[in-house]
There are 2 protein chains.
Amino acid sequence: MPLYRLRAVAEGPTYRNFMTQLTDRPTQPAPSVSAESPATPTVDVAALGEHLMGRWGDVRRTARALAARPDVKRIEGQSMAEHRERTMGQLRVLVDERAVHRAFPKSVGGDENHGGNIAGFEELVLADPSLQIKSGVQWGLFGAAVMHLGTEIHHQKYLPGIMNLEIPGAFAMTETGHGSDVAAVGTTATFDVHTGSFILNTPFRAAWKDYLGNAAVHGRAAVVFAQLITQGVNHGVHAFFVPLRDDNGFLPGIGGEDDGLKGGLNGIDNGRLHFTDVHIPREDLLNRYGNVAEDGTYSSPIESPGRRFFTMLGTLVQGRVSLDGAAVVASKLALTIALTYGAERRQFTAGSESNEEVILDYQRHQRRLLPRLATTYAMSFAHEVFLAKFDDVFSGAHDTDADRQDLETIAAALKPLSTWAALDILQESREACGGQGFLVENRLTSLRADLDIYATFEGDNNVLLQLVAKRLLTDYSRKFAHAGAGVMAQFVVDQVNDAAINRTGLRGLAQSVRDFGSTARSVGNIRDEDSQRQLLTDRVQSMVAEIAGRLRPASRLSKVEAAALFNSNQNALIEAARAHGELLQWEAFTDGVNAIEDAGTRQVLTWLRDLFGLSLIEKNAAWYLIHGRISGRRAQAITSYIDDRLLPRLRVHALDLVAAFEFTAEHIGAPIALGEEKARQAEARDYYRARRDAGTLPVDEKSLIKGLRA
Amino acid sequence: MPLYRLRAVAEGPTYRNFMTQLTDRPTQPAPSVSAESPATPTVDVAALGEHLMGRWGDVRRTARALAARPDVKRIEGQSMAEHRERTMGQLRVLVDERAVHRAFPKSVGGDENHGGNIAGFEELVLADPSLQIKSGVQWGLFGAAVMHLGTEIHHQKYLPGIMNLEIPGAFAMTETGHGSDVAAVGTTATFDVHTGSFILNTPFRAAWKDYLGNAAVHGRAAVVFAQLITQGVNHGVHAFFVPLRDDNGFLPGIGGEDDGLKGGLNGIDNGRLHFTDVHIPREDLLNRYGNVAEDGTYSSPIESPGRRFFTMLGTLVQGRVSLDGAAVVASKLALTIALTYGAERRQFTAGSESNEEVILDYQRHQRRLLPRLATTYAMSFAHEVFLAKFDDVFSGAHDTDADRQDLETIAAALKPLSTWAALDILQESREACGGQGFLVENRLTSLRADLDIYATFEGDNNVLLQLVAKRLLTDYSRKFAHAGAGVMAQFVVDQVNDAAINRTGLRGLAQSVRDFGSTARSVGNIRDEDSQRQLLTDRVQSMVAEIAGRLRPASRLSKVEAAALFNSNQNALIEAARAHGELLQWEAFTDGVNAIEDAGTRQVLTWLRDLFGLSLIEKNAAWYLIHGRISGRRAQAITSYIDDRLLPRLRVHALDLVAAFEFTAEHIGAPIALGEEKARQAEARDYYRARRDAGTLPVDEKSLIKGLRA
C-alpha cells in the first residue's frame, strides 16, 4: 500500500507515522507510459475535465451555473456601500436557489453533505470572492459554529433562521490584539449564578472583536468566543450565541465600528464589536464541548483543556478547506486568461521580418506560465483529496481523533501553499497580459486584490506551516522514542554524511539516489515517478531529522533558552513544512495522473507532473547539491530538460489543459481571453497583407539603405 | 580606479567594456571596520538620513513637505471620477507651488535641473502614486517629448502652456497591439506635399493608441508617435504634436475611449485614441532627429534609422528613472510601517507564560523583513547613482553616445529589479501586518495596487532585462573580437572547468575563490567586501560567457534557426541580466557604505550590505555549487551566518534604519505605525498586571490541573 500519500491519508489513519511506515513502502511502478510515445499525443479534454471536476462535480456544475448569472456576478466599480448591499442580496439568491443547506443536519432540512457543500461554495469565487467569503461567514463559520459547537437545542432554535438568512450573523473569534493566537483572546464570559447568565465583557481595546464579516452592517447575532469563567476558574475559550442588533441597531451593552475600506473583498461588511456587561442566558453557551450547570459547575466531555480547545477549533476547519479550493479555482481562471491571451497575442518579430511571434512561443513566457499551470493541477488534485478527507471526517465515515488531527495537518499544509500560489499566479498572469492585465475588465487585478487576505486569514500562512512542522517533529520523535538519544544523534550525523538513506529504509531507491551523483547518467532516471518521489520525500525527512537534531538539547534547557533554540530554527521549520506540503501536492498529482485511462491524456499529464516535480527539485537544487543527493551536472540537466523538452512539449497542449477547466465565457469574462485580441491581430495582419499584395505598402527606409549598399 | 561599479559609471564612460577593464581593477580595501567591533554600535540616524537624501536632498524635502499637505494626499474610497478630478486639481497645486518647472529649458523659465526634477516627482508617491504618474505623463512624458524631440520653435510655442497646465497632454506612444515593441506601431503620418501637412491615420483597431494618461478626459493635445511616410518611404517612428480636444470635445477625425477602471492608479484618466485623416502642419513634426522639407524630402542628423530610433527613445529614459526612484520611496514606506508594527505587536508566548513576544523577535519575521530592508537600502543607493548618471547625461556634463547607452542599460537593469522588489516588499509588509495590513487605512494594499503596473509600463520588465542581456553579450563579444573563435570556445570550456577565473584576470581574488571550495575555512572570508564582489561579479561574467558560447553557432544558422537558438536561451539571458542588475545594486550599496564616516553607522550598514550580498549568494547557491565556486558546507555556513548573526544584530537597529528614511507621521499615515498598536498593547498588559497584583484574575483551569497533579 502506498503511504505518505494524500490518497492514502484519505483512506485511513496512515498519516500519523509516515516515517515509520515509509520503510515498508514498495516501489510501485507507475502505469507504463512510454518515454518515447507517439510524436504528439492528444488530450481528451472532456474526460480530463470530468476527472478534474471530481467527486462533487454535479454540485460544482450547479454552482458554476449560478456563478454565471448576471445577478450573481460582481459589478466592478461599485462603492463599498453598494457592493455590500449587492453581496447581501446575492446571499438571498443562494437561499432561494437552495444552495446553502447542504452541510446542515437533516433534522433541520439539511443534507449532511459536507464535501459537496464546500465544493459548491468554492466555485462562487468565479462570480465574486466577496460572495464566496460572505457566504462562508454566514453558513461556513457562524452557522457551522452553531452546528458543531452547539447541541440539538441550538440547532432547532437557531439553524433554520441562519439557513434562511433571517439571522445574518458574525463569527466573533478574532480580536484586534489576537489574530492567529485564539487561545489568548481577552473577551470574558463570566457565569453569574444569581441571574443564571453569562456576562460578556471586553476588558480593553485590544480585546475588541475585529475583521468580522457581517459585523459592520448586516449581523443580527454572532457566535462570540470568550474565556469562560465560572466559580473563579477560567476554563478557556468557549463559544456563545449572542444577539447583536434589532431593527433599531445595537442592543444594550454592545458597540462596534466599521472596519471600512479594505484592500479587497469590499462586498463584505467587516467590522468590530465590543461588549459591556452583556447578559447571555446560560443556555446560549454552545455547550457541546463544555457546559455550566445552574450552580456554576463546569463540565466537559474532554478533560484536557488543551485538547478541548483544539477539538473545538478543529470543527471549524472547513474555512481552510474552502479557501484552498477557492485558490485553486481562481488560479485556474487566471491561467485560462493568461494562456489564452499568450497564445493569441503577437509581439516582436524573431525569425522573419514581418510575422510577429505569439508570445507564448517565447521561452520566458512558457517559463512564467507553464510551471504555474503544473502547480495549479497539483493544487487541484490535492484539494480533491483534501476535500474527500474532510468529508470522511465530518460525515463520520472516518472520524477518529487521528483522522481529525490528520485533517488539521493537511489543512495547515495545503491552505498556505495554495493561497500563496494563487497570489503568485494571479500576479504573473497579470504581468503576462501587460497593460491589458491591469484593466479591471480582464479580471486579474480584482481577483488578486480579493484573494490577498486569504494568505493571512483563517490562520496566518506562516503560523499554519509551523503547526505542520510541529506535527512532523512529533511524528519524528515518536519514531525515535524507543531508540534513545544515541540513535537519534547518530541519525543526524548520518544525515550529514548522506548515509541516512539506507538507514531510514528507502529500500531499492537508495541505490538510484546514490547514482544521482554520477555524471555518467542522463537526466533519464530522475524523470521517472519513483525517483521524483524519492527526492522529494528524502528532503522532507532529512530536513525534519536535521532540525530535530538541532532541537534535541531543548529538553535540558530552561523554558526561555528552549524558546530561543526553537526560534533559531523557526525559518528552517517552516521550510520543512512547505516541503512536506509540496510533497503532498506531488503525491496527489501523481495519483491523479495514474487514474487517467486515456494514453494521450496521461502522457501529457505525466509531462505536466514532471514539470511540477522537477521544478520543485530545481527550486531546491541548492539543498540537493549540499546534501549530495544530486550532482551539479544533474542539476543542470534538470534545468535543460525543463527548458528544452517539457516546456516545448507542454506548450502544444497548453490550451487543452486550460480548456479542461471547463469555464464558460460567462466565467472568464475577460475580453482578452474571449477572442478580442485574436480579432485585432487578424485584422492587422490582413491589413498589411493586402497592402503588401497590392504594392501600396511604403518602402522601409532600412531596406532602402540595404538596397543601396547591395 | 574601481570599475564595473555604478559610481564609476556615473563618473565616466567606463561601463562599456567592463569585462575588459575589470582585469585592471585593484583590490581596493574597504575602510577598516573591525570584525569584532564594540558590542552594540549605534546608528547616527540624522547623518544617515542626510546621506540617504542624497545630492538632491533639498528638492526631496520640499517635495515631501508638499506630499504631507492634506490637499495633496489621496482620499481613499473616492469613485474613479472623483479621484481623477482630485488628481487633476493636485497637478494645479504643483504648478502653483512651482514644483514642475525644474527640468525645462531656461529659455522658457525652467531650471534645466534634470536630476532634481526627477527627485522631486519621485517623492510624490508618498501622497498618491496617481499624482506621481499623472505628473509624469504631463511633464515627464508629454512635456519632455516636446522638449527633447522638438526644437526651439516647439519649445517657445508649446512648453509654457504645458508647464502651466493650459495644455494638458497625452503621450501617445503605446498602441493596443504594441506595447514594448514601439518600432512596430501601426499609426501612420503620411506627408502630403500638396497641403504641406502630415495626415495621421489609425489603420486598424490594434493601432489605436492605448493606456494613455490624460487621454480619456483631460488631454487637450498629445505627442503622437507614428510611422513617418514621405515620398513613398517609411522613415520609422517619429513624434508629432497633435491637438486633441477643444471645449466641445474631440476635434474632427479624432476619436477615443476611456480605459475605465484599472487595478490601481485610478486617479489617472487613461484612455485610447484613434485618428482618421487628421491633418497636422508640417511644422508640428517634432523635428530634432528627423525633418521633412516642404518638397517632402526627408533628412536626419542620424543616418542609421535604427540608431535614430533608439536615440529618440533614449531621450525619454526619465520615466524609468522616476519609476525606479518611486519604487524605492514606496519600499521605504512599506518597511517603515511593517517594521514599526513588528516591533510593537505582540503575539504568542514563547519563553514565559504571560509575556507575549514582539513579533519582530521571531526569526521568521526577521527573515521576511530584514533582507528586504537590505534590498531597499541597495535600491536607494543604486538609484542615487542612477539619477546622477541621468543628470550627467541630460545636463550635458557627460553626454557622449556611450554615456547615453550606459544610461539606457542602467535604466533597463535597475527599473525591473526595483519595481518588482517594491511589489514584493509591499506584499510581504502587508502579510507581516496581518489583518491590519489589509485595511486600506494602513496604506499597504493601495500602494501595492498602484505600483502593480510599474512592472510592465515604461518597458515590460522582462523585455528591459533582455536589453541588458543584449548589451552584456555585445560587450562580451567585443572583448573577444580580436581573439577569434578558438579562444572564445576555449573560454567557455574553461568556465565549466572553473579555471576561467584566472583567465578573465581577477587577479588576487582568484586564489580566495578557489579556496571557497575548502571546507576547512570558516564563512569569514566570504563575509568581506572583496569576496562578495568576486562571487557576484564572477557569476555575471560566467553566465554571459556560457550563454555566448551556446549562441556562438547562431552566425552560421538561418535567421529562423538563429531565432530559435536565441529563444532557447532567453530565460538564461534574463537571469544573467538580473544578476548584473543585482551586482550594480551591490556596488552602489558598498560605495554608499564606504562613504559613511561614523564608525557605528558604518558597522551597521556593513552588516546590512552583507545581508544583501550574502542573501544574493544564498538565493543563487545552486549556481555557485554547480560551478564549484563554493562548497556545500560554505553554502550552509552562509545561511547560518545570516540566521544566527546578521539577523539578530540588525534586529537591534531595525527601527533606526527606518527612522533614517525620515518620514513624518503625515507621510506614514498608517495608524498601526503611529502608536495605535503600542497603546493597545500597553493597555492590555496593564489590565492583566493590575488584576494579577490585586489577585482578581481567575485561576487558569490548566494550572489548576497541574496543581492537583503536583
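It should be emphasised that the depicted structure is a prediction, and the values quoted were computed from it without experimental measurement. (Residues numbered from 1 in each chain as written. Chains lettered and ligands numbered in written order. Predicted model: local features only at pLDDT ≥ 70, side-chain atom pairs only at ≥ 80, totals over all residues. Heavy atoms only, no water.)

**As for the pairing of strand 10 (residues 271-275) of chain A**
Residues and elements named next belong to chain A.
Thought 1: Summarising burial for strand 10: five of the five residues are buried, a large majority.
Thought 2: Burial along strand 10 is two-sided: Gly271, Leu273 and Phe275 facing one way and Arg272 and His274 facing the other are all buried.
Thought 3: Sheet analysis places strand 4 (residues 209-212) next to strand 10, joined by two bridges and oriented antiparallel. Within the sheet, the bridge partner assigned to Leu212 lies in strand 10 and is Gly271.
Thought 4: Sheet topology places strand 9 (residues 254-258) next to strand 10; five bridges connect them, and they run antiparallel. (Buried < 20%, exposed > 50% of the residue type's maximum accessible area, 1.4 Å probe, protein only. Helix = DSSP H or I, 4+ residues; strand = E, 2+ residues; numbered from the N terminus. Pairing = 2+ DSSP bridges.)

**Some details on the sheet that holds strand 9 (residues 254-258) of chain B**
All names here are of chain B.
Thought 1: Spatial ordering of the open sheet is given by 4-10-9, a layout of three strands whose pairing is antiparallel. The sheet terminates laterally at strand 4 (209-212) and strand 9, the two strands that pair on one side only. If you compare each strand with its neighbour and ignore which way they point, the axes differ by 25° on average. (Axes fitted to C-alpha atoms, helices over the stretch in contact; angles between N-to-C directions.)

**Examining the relation of the copies chain B and chain A**
Thought 1: Rotating chain B by 180° and moving it 0.0 Å along the rotation axis overlays it on chain A with an RMSD of 0.0 Å. Both chain copies can therefore be described as sitting about a two-fold axis. Every residue of chain B has its C-alpha some distance from the rotation axis, and the shortest such distance is that of B:Ala622, at 2.1 Å.
Thought 2: Both copies share a contact surface, since 100% of the interface residues of chain B are interface residues in chain A too. (Least-squares fit on C-alpha atoms with pLDDT ≥ 70 in both. Contact = heavy atoms within 4.5 Å.)

**Considerations on the packing of helix 12 (residues 401-432) of chain A against helix 12 (residues 401-432) of chain B**
Thought 1: In the contact formed by helix 12 of chain A and helix 12 of chain B, the axes pass within 14 Å of each other and the chain directions differ by 150°. Considered as vectors, helix 12 of chain A and helix 12 of chain B are oriented roughly antiparallel to each other. Where helix 12 of chain A crosses over helix 12 of chain B, the handedness of that crossing is right-handed. The segment helix 12 of chain A lies against helix 12 of chain B, with A:Trp420, A:Leu423, A:Gln427 and A:Glu431 engaging B:Trp420, B:Leu423, B:Gln427 and B:Glu431.
Thought 2: Classifying every residue of the contact of helix 12 of chain A with helix 12 of chain B gives four nonpolar, two polar and two charged. (Parallel < 35°, antiparallel > 145°, perpendicular 65-115°, else oblique. Left-handed = near helix turned anticlockwise from the far one by under 90°. Nonpolar A, V, L, I, M, F, W, Y, C, P; charged D, E, K, R; others polar.)

**Overview of the sheet that holds strand 9 of chain A**
Residues and elements named next belong to chain A.
Thought 1: Pairing is antiparallel across the open sheet formed by three strands, whose spatial order is 4-10-9. Unpaired on one side and paired on the other, strand 4 and strand 9 mark the two borders of the sheet. Between one strand axis and the next, the sheet turns by 25° as a mean value, whatever way the strands run.

**What to know about the interface of chain B and chain A**
Thought 1: Contact residues are listed per partner, giving 102 residues for chain B and 103 residues for chain A.
Thought 2: The contact between chain B and chain A buries some 8200 Å² in all, and 54% of this surface belongs to carbon and sulfur atoms.
Thought 3: The interface formed by chain B and chain A holds six salt bridges in total.
Thought 4: We note a salt bridge from B:Glu575 to A:Arg364, for which the minimum N-O separation is 2.9 Å.
Thought 5: Here the side of chain B that touches chain A is built from residues that sort into 39 nonpolar, 31 polar and 32 charged.
Thought 6: Taken together, the two bridges between strand 6 (residues 233-243) of chain A and strand 16 (residues 699-700) of chain B define a ladder with parallel strand orientation. (Buried area = accessible area lost by both parts, 1.4 Å probe. Salt bridge = Lys/Arg side-chain N within 4 Å of Asp/Glu carboxyl O.)

**A short note on the UniProt feature "domain: Acyl-CoA oxidase/dehydrogenase middle" (unreviewed entry) in chain A**
Thought 1: When the UniProt feature table is mapped to this numbering, "domain: Acyl-CoA oxidase/dehydrogenase middle" (unreviewed entry) covers residues 170-278 of chain A.
Thought 2: As annotated, residues 170-278 of chain A comprises 0% helix and 49% strand, and the C-alpha atoms at either end are separated by 17 Å. (UniProt positions renumbered as here; feature names shortened; annotations may be inferred.)

**A short note on the nonpolar core**
Thought 1: In this structure, A:Leu373, A:Tyr377, B:Trp139, B:Leu373 and B:Tyr377 are the most contacted members of the largest nonpolar core, which totals 353 residues.
Thought 2: Ranked by residue count, the leading element in this core is helix 11 (residues 363-395) of chain B, at 16 residues.
Thought 3: Split by domain, the residues of this core number at least three in each of domain 1 (177-308) and domain 2 (483-659) of chain B.
Thought 4: Dropping the residues within four chain positions of it, A:Tyr377 is found in contact with A:Leu48, A:Leu52, A:Phe589, A:Leu605, A:Leu608, A:Leu657, A:Ala660 and A:Phe661. (Core = buried A, V, L, I, M, F, W, Y, C linked by side-chain atoms within 4.5 Å. Domains from an automatic or database assignment.)

**Some words on the pairing of strand 5 (residues 221-230) of chain A**
Residues and elements named next belong to chain A.
Thought 1: With respect to burial, strand 5 is a largely interior element, ten of its ten residues being buried.
Thought 2: Across four bridges, strand 1 (residues 169-172) lies against strand 5 in parallel orientation. Looking at strand 5, one finds that Ala170 is bridged to Ala222.
Thought 3: Pairing between strand 2 (residues 188-192) and strand 5: three bridges, direction parallel. Counted as the bridge partner of Thr188 is Gln227 from strand 5.
Thought 4: With nine bridges joining them, strand 5 and strand 6 adopt antiparallel strand pairing. The residue bridging Ile229 from the neighbouring strand is Asn234, located in strand 6.

**Focus: the environment of B:Phe250**
Residue and element names in this part refer to chain B.
Thought 1: With respect to the secondary-structure elements, Phe250 resides in strand 8 (residues 249-250).
Thought 2: We classify Phe250 as partly exposed; its relative accessible area is 31%.
Thought 3: C-alpha of Phe250 to C-alpha of Asn569: the two residues are 319 residues apart in sequence and 47 Å apart in space.
Thought 4: Apart from residues no more than four positions distant in its own chain, Phe250 is found in contact with Ala215, Leu244, Arg245, Gly255, Gly256 and Leu273.

**A closer look at the pattern of salt bridges**
Residue and element names in this part refer to chain B.
Thought 1: Within this structure, the stated rule accounts for 96 salt bridges over all chains.
Thought 2: Where Glu529 meets Arg609, a salt bridge forms, and the shortest distance between an N and an O atom there is 3.7 Å. With a gap of 80 residues between them, Glu529 in helix 20 (residues 529-551) and Arg609 in helix 23 (residues 599-619) connect regions that are remote in the sequence. Across this residue pair, the class does not change: Glu529 and Arg609 are buried.
Thought 3: Residue Glu677 pairs with Arg680 through a salt bridge whose shortest N-O separation is 2.7 Å. Of this pair, Glu677 and Arg680 both sit in helix 27 (residues 676-694), three residues apart, roughly one helical turn.
Thought 4: Glu677 gets classed as buried once you look at its relative accessible area, which sits at 1%.

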